[in-house]
Amino acid sequence: MADLLNLKEWVAVLGQLLMFALAAPMLVAWVKRVKCVLQNRKGPSLLQPYRDLSKLLKKEVRVAHTASPLFRATPYLVFSAVLVAASTVPLLQVHLPTTALADVIVLVGFLALARFFLALAGMDVGTAFGGMGASREMLISALAEPAMLMAIFTLTMSAHSTNLSSVIQHVLDTGLLLRPSLLFALLALLLVAIAETGRIPVDNPATHLELTMVHEAMILEYSGRHLALMEWAAQIKLLLYGVLISNVFFPWGIAETATAPALAIGALAILAKLVTLGMVLAVSETLVAKMRLFRVPAFLNLAFLLGLLGMLSYVILETSL
Amino acid sequence: MNLAQLGLVEQSIFVFAALALLLSFLLLFQGRLTAMVHVFAWQGFLLALLTATVASVEHSHHLFLSAALTLMLKGLMIPWMLHRLIRKLHLERHQERLQHQALVMMAGAGLVIFSYWVVLPIARLELANTRNIVALSLAIVQLGMLLMVARRQVVAQVIGFMSMENGLFLAAVAATYGMPLVVELGIAFDVLVAAILFGVFFFHIRDSIESLDVDQLTQLSEEER
Amino acid sequence: MRVVVIPLMAISAVFAVVAGFAALQQELSLTATLPLGLPWLPWQIRLDSTSGFFLMLIGLVTLLITFYAPAYVREFESGQDSLPALGGFTGIFLAGMQMVVLADGAFAFMVSWEVMSLSSYFLVTFQHEKPENRRAGFIYLLMAHVGGLSILLGFGVMAAFGHGFAFDAMRAATLPTTWASIAFALALFGFGMKAGLLPIHAWLPEAHPVAPSHISALMSGVMLKVAVYGLLRFTWDLLGNPLWQWGVVLLLVGAASALAGVLFAMMQQDIKRLLAYSSVENIGIIFMALGLSALFSGTGHPVLATIGFVAALYHALNHAMFKSLMFLGAGAVLHASHERNLDQMGGLLRRMPWTGLFVLLGCISISALPPFNGFVSEWLTFQTALQAWTMDSGILRILLPVTAAVLALTGAIAAATFVKLYGIAFLGRARSRHARRAREVPFGMRFSLGSFSLMCLLLGIFPTQVISLLGGITNQLMGQRLAQATAHGWLWLTPVSAETASYSAPLVFAGALGIWWIAQGLLRRGRVRKIRRGDPWDCGFGMPDARMQYTAVAFAQPMRRVFSTLFDVKESIEQDKAEIPRYTLTIHDPLWYRFYLPIGRLVDASARRIVRLQSGNVRIYLGWSLATLVILLWLIS
C-alpha cells in the first residue's frame, strides 16, 4: 500500500497502459496474417489495423436520430472500462501497484461493465440487429462468467490470493509443476477467452452475415471515432486475455525487478508468448467452423466442466488428505 | 503428500489420470458414435501411458507388460472392432443429442465428489504415492455407469461398459501398482470376449426390434399397454 | 393524507435514522419497558447496534420515499380507492417494522411482526377492485400466517429452555444440539417465508408488484430486510454459535433462490414482477453470505465468519437502496406511461432523461458492476468463498467454489436481465402510444430517485467507512471487529489481508474517470467534433419501424431455450380469421404445480374429512370443547 506514493511505479503503470493500447491492434493483425497464410491467401500488412483506426478517427461521426445520449457516451465508457481492466494485468513485470487497486474479480467486473454498456448501446437505436446482438452477447457472457470464475478460483485456491501479482509470483516460486488443476484451468480459460472475445467458433469477427454476428451486430450503428474506440477496445480485450493466460500459466521470463535488462527480457518473453498464442488461435480458427448459437452453451458447459475438474483435481490430487 | 515433493515423471502420472477422467466426461457428452470410439481409444492410450510411467518409476517389469497389453487391446484392438461394428451396422452418421446435458454434467461432478468422499478412508492408508488416483478411478467407473444410464444407443452403452473396465484397471495400477499378471490377462481377455459377444448381440437385437435404441426394448414387455 | 401522513412519516424516519446511526456508531445498548404488555409479559424494547443498523435502514429508505410519495399518490386522488386507508396503513406498516427491530422479547416481537404483516396485507390489496390483487393478497396473508406460526414455534422452543419470553432469558439458555437445530429450522422456515426464499417465495412475486410503487419499494427494500434481521437476531444472537451444518443449508437454499430468482426475473415482461423476482435473487445472495459465515464460524474460523457476515449486512443495505430505486423508477414509468408491460414501452430515456439516468445507475448497481455498491458486497462474498482452502473437509473445499460459481452465474444473468429491462423500456423507440406520450415526472420524484442513486454510488465508492461502521454489529454478535479490512486507511478494502486481496474503489473510480476524460479530450477536438444525424443504417435495410425492434420476449428467448428444463414454457402460434398469426407465450413457475398445488390438495382433502365434525349441533361442539379441556388439564397435571 506504500507503493501509492512511489512515482516510478505509476510511470510503470502508465507505460503499461500505453503498451496495451498501442500493441493491441498488432495482435489482431498477427492472428489475421497467420490465418491468411494457413488459408493460402496473401494477408494484409501488420500495420493495417492502425491504418483503419486512424482513418476512422479522422472521419465524421454519423449518429442515428433515434439514438439517445447513452449511445454517444458508450464508446468512451467501454474504452475506459477495458483499459482499467488492462491496467491490472501484469505485462512486463510482476509487481504493479494497480493489482492491489483491483484484483482479478474487479477485472472481471470491469469487463462485465463494458459488456453491459455495449449491449445497451446495441439496443439504443431501435433496430432488430442491435437487439439480437445484445441478447446473444448477454447469453454467452452469462454462461462464460461462471466458467471463468471457476478457472480463476482454481488458480487462487493454491495461490491463496486474488491479486494477480501474487498469483504470478506464486506460480514463479513453485517452479515448474505438472499440475492437472492448472492444466484444466488453462483449457477452461482458453475456451472462455474465445467466447468472450468473440472469436470462431463462438462468433466470427470478420462476418457481416446478419444472422451469425454477435459483436458486430451491436456496433453496427457506430461510425467514425465511436467505431474506432469500440474496435480498439475489442482489440485491447483480446490482448488482455492473451496476456492474462500467458503470464499466469507461463510466467517465465517476466521481470521480477524493475531494472532495464529484466524489463527487456520480460518484453521479449511476452512477445514470444503472444506470437505463439496468436498462432494457436489462428490454427484453431482455421480448423474449426463457426457454431450455431445454440451449440454455444455446450461449448461453455465444457469450459465450466474443465474449470470444475480443475477444482476437483486440485482437491483430490494435489492436497494432502 | 505434496505434489511439489514428487519428480516431474511422478507428477505426470497425476496429469494422465486427470486427463483420463476428463475423457470419461467427454465420452458422456460425445454425440457421434465414431467420435466416441476415438475418445475411448484415447482413454486406453492414456492408461497405457500411465501404466508405463508407473512401471518406469517403480521399475516393475510386469507393469510394462500390462501397459503393452492395454495399448494393444484398449487402445487399438477394441476400438478397431467397434469401428468395424459401427460400419457394419451403418451407424457411422448416427448422432444422439444428450437430454439435459447440464444436469448430467452436474450428476457426473457429484459422482466424482462422492467417490472422493468414499475413498477418503482408503487413501489414508499409506499404500502408494498414487493412492489419490483411486478416487478418480472410482469416478471413472461410475461415470461409465452413468453413461449407460443416460444413453439410449446400445453401442454407446457398450463403450460405457468398456470405460468402466478402464476405471477398474486404473484403480489397480494406482493403488497397488497393478494386479498379478495372470489376473490382468484374464480380465483383458474377458473384455475382448465381451466385445465380440456384444457385436453378435447387436445383430440379434436389431433383428428382433429393428432398432438399437434401448428404449425400444419396452416392446418386449408382455404387459398390455 | 399528503398533509398529515407524509410529514409524520418523514419525522419518524428522521428519528429512526438518527437513533439507529447513534446506536450503531456508539454501540449503545438501551433498554426500556413500554406500558403495553400483559402483567407477566412485559413489552420490552432494546436499541443495540444490530437493531440500530436495521432501524437506520428502515428510516433511510422511508425518508427518501417521503419525497416521492406526494406526487405519486396524487394519481390516486381521483380514483375510487381510499387515500386515508393508504396513508393509515402505511403508517402502521412502518411502525410495525420499527417495532420488530426494537423488540427485546418474543411477545413484543411477535405482536409487531403480525402488525407488520397485516398492515402490509391491506397495502397489497389497496386497489382491491382488481381480482388479481385480491388473489395476491390472499396468498400473501396465508403464507404470512404460516410463516408467523413457524416463528412462534421457534420462539416456543427457545422459551422452553430459557424459561421466559424475554430475549435475555433466551440468550442465556443453552440448548442441546438437536433442539437448537429444530429451533433454527423453524426460524429459517418462518423468516425465509417472509424473505422470499425458494421454495416458499410464491407470495412475493404476486404481492410486491400489485401494491402502489412506493409501497413495493418499502416491501422489497425494507420488509425483506426485517425478515433477515429476524433470522440474524434469532440465530446469531439468541441461539448463538451457529453450526456448520446450518451454514450448508443456508448456503444451498440461498444459491437455489438466487439462481431461480434471477432466471424467473429474466423471463418476466411486467417490470414490477421482474423486480420482485430479482428480490428473491438478492435475498438468496444475502443468505449465501450468511451461510458462508455460519460455515466458517462452525468450523472455527471466526475472522472469515465475520467477513461473510459483513458481506450479508452490506448486501442487505445495498439491496435496500437499489431495489427501492428500481421500484420507484418503475413507479415513475408507470406514472408517466400507465404501462407495466415492458413490450409497450421504449425510448423513455429521451422523454424522461432524469428518470432514465437514475434508473440506469440502479441497473448498474443491481447487476453488481463496479464501481457501484452491488459489486462491493458480491466481491466480499466471493472473497469469503475463496477462503475455502482453510477448510479441513475436502467436500466443503469443493462446495464453496461451486456455490461461488453459481453466484457468478447469477450475477451474469442479472446483468442480462437488467440490460433487457433498460434496453427495452428506456432505449430504442416507443412501442406504444402511451410510451410516446410519456413526460418527465415531477421534481419530488426525481429528487428521491436521484438521492437513492447517489447512495448507491457512495456505498460503492466508500466501502471502508461502511464496514468500519458495521464493526459494532459484528462485535456484538461475534466478538470480531474486522479491523484488518480497513487497516490500510480509507482507500483500501482488504477483507482478509493486503496480500490476499485488496480493492480500492475510490482510486479505481478515479482512474476510470481519468481515462474517460483523456479519451474524450483527445478525440473530440477540431474538425471531427461535428456529428451528423441521420437514419439508422441497419445493414442497409432501410428505415425500420418500432415494431421491428427486439421485444422483451424475444430478448429472453435464448436464455429461455438454454434453461428450458427449469421452466414450464407454453408457446403457441395461432392464426385468427384474417390469417394474422398471434404468438402467445406463458411461463409458469414449475414449483407452483409441483409443490404448492399438491399441498393445497392435501389441505383440501383433510379439510373434507374434518368437516364431518361440523354437524350443526351445538351440544356436540360443546362436547368437543369439554374433551379438549379435560385432556389439556390432564396434560398439565
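Right above here is the structure, for reference.
Report on the accompanying structure. (Residues numbered from 1 in each chain as written. Chains lettered and ligands numbered in written order. Predicted model: local features only at pLDDT ≥ 70, side-chain atom pairs only at ≥ 80, totals over all residues. Heavy atoms only, no water.)

**With respect to the overall build of chain B**
Part 1 of the argument: Looking only at helices and strands, one finds 7 helices and 0 strands in chain B.
Part 2 of the argument: Ordered by position in the sequence, the α and β elements of chain B form the string α-α-α-α-α-α-α.
Part 3 of the argument: Across the 225 residues in chain B, those meeting the buried criterion constitute 52%.
Part 4 of the argument: Looking at chain B alone, contacts between residues at least 24 apart form 74% of all its contacts between residues at least 6 apart.
Part 5 of the argument: Put simply, chain B shows about 10800 Å² of open surface, and 66% of that area lies on carbon and sulfur atoms. (Helix = DSSP H or I, 4+ residues; strand = E, 2+ residues; numbered from the N terminus. Buried < 20%, exposed > 50% of the residue type's maximum accessible area, 1.4 Å probe, protein only. Contact = heavy atoms within 4.5 Å. Areas by Shrake-Rupley, 256 points an atom, 1.4 Å probe, with all protein chains shown as cover.)

**Things to note about the packing of helix α2 (residues 49-77) of chain C against helix α19 (residues 463-478) of chain C**
All names here are of chain C.
Part 1 of the argument: Contact pair α2 / α19: the axes reach a minimum separation of 8 Å and the direction vectors enclose 145 degrees. Across the interface between the two elements, S49, T50 and F53 from α2 touch L470, G472, I473, Q476 and L477 from α19.
Part 2 of the argument: Among the residues forming the contact of α2 with α19, the class breakdown is 4 nonpolar, 4 polar and no charged. (Axes fitted to C-alpha atoms, helices over the stretch in contact; angles between N-to-C directions. Nonpolar A, V, L, I, M, F, W, Y, C, P; charged D, E, K, R; others polar.)

**Overview of the interface of chain C and chain B**
Part 1 of the argument: Contacts between the two partners involve 5 residues from chain C and, on the opposite side, 4 residues from chain B.
Part 2 of the argument: Both faces combined, the contact of chain C with chain B buries some 410 Å², and carbon together with sulfur accounts for 87% of it.
Part 3 of the argument: When the buried surface of chain C facing chain B is broken down by residue, C:I395, C:I398 and C:T565 rank first, second and third, together holding 81% of it.
Part 4 of the argument: At the surface where chain C touches chain B, the tally comes to 0 salt bridges.
Part 5 of the argument: Taken together, the residues of the side of chain C that touches chain B sort by class into 2 nonpolar, 2 polar and 1 charged. (Buried area = accessible area lost by both parts, 1.4 Å probe. Salt bridge = Lys/Arg side-chain N within 4 Å of Asp/Glu carboxyl O.)

**Points about the packing of helix α2 (residues 33-58) of chain B against helix α3 (residues 61-88) of chain B**
Between two packed helices, the angle of one axis relative to the other and the distance separating the axes together describe the packing.
Residues and elements named next belong to chain B.
Part 1 of the argument: Viewed as axis vectors pointing N to C, α2 and α3 meet at an angle of 175 degrees, and their least axial separation amounts to 7 Å. Here α3 runs roughly antiparallel to α2, going by the angle between their axes.
Part 2 of the argument: Counted by class, the contact of α2 with α3 contains 18 nonpolar, 9 polar and 1 charged residues. (Parallel < 35°, antiparallel > 145°, perpendicular 65-115°, else oblique.)

**Topic: the interface of chain C and chain A**
Part 1 of the argument: Listed per partner, the contact involves 84 residues of chain C and 82 residues of chain A.
Part 2 of the argument: In total, chain C and chain A occlude about 7500 Å² of area from one another, counting both sides; carbon and sulfur atoms represent 73% of this.
Part 3 of the argument: Per-residue buried area on chain C facing chain A is highest for C:W516, C:R532 and C:R533; these three make up 8% of the total on that side.
Part 4 of the argument: Our enumeration of links across chain C and chain A arrives at 1 salt bridge.
Part 5 of the argument: With a closest N to O distance of 3.1 Å, A:E60 and C:R532 form a salt bridge.
Part 6 of the argument: Linking chain C to chain A there are 21 residue pairs in polar contact (both at pLDDT 80 or more).
Part 7 of the argument: Elements represented by at least two residues in the side of chain C that touches chain A include exactly α13 (348-351), α14 (353-366), α15 (373-385), α16 (394-425), α20 (505-523), β3 (531-534) and α21 (552-562) of chain C.
Part 8 of the argument: For the side of chain C that touches chain A, a count of residues per class yields 56 nonpolar, 15 polar and 13 charged. (Polar contact = N/O pair within 3.5 Å; in protein donor to acceptor, adjacent residues only side chain to side chain.)

**Notes on unusual backbone geometry**
Part 1 of the argument: Each neighbour pair has its own omega, and for A:I200 with A:P201 the value is 10 degrees, a cis peptide bond.
Part 2 of the argument: As for its position among the elements, A:P201 is in the loop between α8 (180-196) and α9 (215-218).
Part 3 of the argument: For the peptide bond that leads from C:P370 to C:P371, omega is 0 degrees, which places it in the cis range.
Part 4 of the argument: With respect to the helices and strands, C:P371 occurs in the loop between α14 and α15.

**Remarks on a nonpolar patch on the surface**
All names here are of chain B.
Part 1 of the argument: Nonpolar side chains collect at one region of the surface, where W42, F45, L49, L71, M72, L76 and M77 lie side by side and expose about 660 Å² of accessible area between them.
Part 2 of the argument: Only α2 and α3 provide two or more residues apiece to the nonpolar patch.
Part 3 of the argument: In terms of residue count, the dominant contributor to the nonpolar patch is α3 (4 residues).
Part 4 of the argument: Take M72: it is sitting in helix α3. (Patch = residues over 30% accessible without salt bridge, like charges linked within 9 Å, V, L, I, M, F, W, Y side chains within 5 Å.)

**Things to note about the packing of aromatic side chains**
Part 1 of the argument: In total, this model carries 33 aromatic pairs over all chains according to the counting rule given.
Part 2 of the argument: Note on C:F462 and C:W490: the rings are 6.2 Å apart at their centroids and 35 degrees apart in plane angle, and the pair reads as tilted. Residue C:F462 is found in the loop between α18 (443-461) and α19, and its partner C:W490 is found in the loop between α19 and α20; the two are separated by 28 residues along the sequence.
Part 3 of the argument: A residue is classified by how much of its surface remains accessible, and C:F462, at 31% relative accessible area, is partly exposed.
Part 4 of the argument: In this structure an aromatic cluster arises from ring pairing among C:F109, C:W113, C:F155, C:F167, C:F191 and C:F234.
Part 5 of the argument: Taking the ring centre of B:F169 as reference, the NZ or CZ of B:K74 above it sits at 4.5 Å. (Phe/Tyr/Trp six-rings, centres within 6.5 Å; stacked < 30°, edge-to-face > 60°. Lys NZ or Arg CZ within 6 Å of the ring centre and 35° of its normal.)

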